[in-house]
Amino acid sequence: MKKILNNLEEIIAGIFICITVSSVILNVMLRTFGGSPISSAEEIATTSFIWSIYIGGAACFKKKMHIGVDMLVQLLPKKMQKIFMVLVNIFVTVLTGVLFYLSIIFTKYSVSKPTSVLGISSAYVNSALIVGFGLILFHSIGFTIKAIRDINKEGDK
């Protein structure tokens with residue numbers, strides 16, 4: 001159970017990418033062999049892809065798979081490296097907090113706007129931003145707390 005919870009973002013993102021690929025393949029096959037594609041397949045694929053991107057982005061952030069250039073940071077003494085990491089984590093937390101807040105506002109304004117084919121609220125699509133940035137914010141707060149604790153650890157001088 002713990003392994004599933006540790007990989008929950010990856011599992012959810014994988015499910016959404018499977019829905020994306022399946023709906024595109026099914027629609028191509030129906031168009032090629034049946035002559036009539038599913039009209040909503042493109043919108044389902046797009047929505048699923050958006051969800052996979054934001055949840056997958058949170059999964060990558062959680063596993064620290066994002067790109068970082070730390071050549072200059074490596075030249076600093078260990079204590080300064082730790083302080084720099086705290087500052088970077090605080091910056092990322094604040095930035096992600098702002099993006100999380102803005103995604104809530106954006107989704108709130110999209111509630112009454114229906115999607116073009118399915119006619120469902122665009123908030124279902126846009127709420128991927130809230131979930132994605134919310135997960136990144138959650139993980140960045142944890143990284144910031146860990147970085148602050150690492151400053152006070154003994155043995156690194």
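Before reading on, note that the structure itself is shown above.
**Q** Would you mind showing me how to read the packing of helix α5 (residues 78–109) against helix α6 (residues 123–151) here?
**A** The packing of two helices is summarised by the inter-axis angle and the distance between the axes. At a minimum axis distance of 8 Å, the contact between α5 and α6 shows a crossing angle of 160°. One finds that α5 runs roughly antiparallel with respect to α6. Where α5 crosses over α6, the handedness of that crossing is left-handed. For the contact of α5 with α6, a count of residues per class yields 20 nonpolar, 11 polar and 3 charged.

**Q** What is the right way to read the state of the cysteines from this model?
**A** Here is the idea: a disulfide is a covalent bond, and it sits between the sulfur atoms of two cysteines. Per the stated rule, a full pass over the model turns up 0 disulfides. Free cysteine C18: the closest other cysteine sulfur is in C60, separated by 16 Å.

**Q** What exactly am I supposed to notice about the pattern of salt bridges here?
**A** Pairing is possible between side chains that carry opposite charge, provided their charged atoms lie close to one another. Evaluation of the coordinates by the stated rule reveals 4 salt bridges. Across the pair K62 and E10 runs a salt bridge whose closest N-O atoms are separated by 3.5 Å. On the criterion of sequence distance, the pair formed by K62 in helix α3 (residues 41–62) and E10 in helix α2 (residues 8–34) is long-range, its members being 52 residues apart. On the basis of relative accessible area, K62 is assigned to the buried category, the value being 19%. With its nearest N and O atoms 3.1 Å apart, the salt bridge here joins D150 to K146. Of this pair, D150 and K146 both sit in helix α6, 4 residues apart, which is roughly one turn of the helix. What emerges from the salt-bridge pattern is a single network uniting E9, E10, K62 and K63.

Each value, and the rule that gives it
Residues numbered from 1 in each chain as written. Predicted model: local features only at pLDDT ≥ 70, side-chain atom pairs only at ≥ 80, totals over all residues. Heavy atoms only, no water. Axes fitted to C-alpha atoms, helices over the stretch in contact; angles between N-to-C directions. Helix = DSSP H or I, 4+ residues; strand = E, 2+ residues; numbered from the N terminus. Parallel < 35°, antiparallel > 145°, perpendicular 65-115°, else oblique. Left-handed = near helix turned anticlockwise from the far one by under 90°. Nonpolar A, V, L, I, M, F, W, Y, C, P; charged D, E, K, R; others polar. Disulfide = S-S within 2.5 Å. Salt bridge = Lys/Arg side-chain N within 4 Å of Asp/Glu carboxyl O. Buried < 20%, exposed > 50% of the residue type's maximum accessible area, 1.4 Å probe, protein only.

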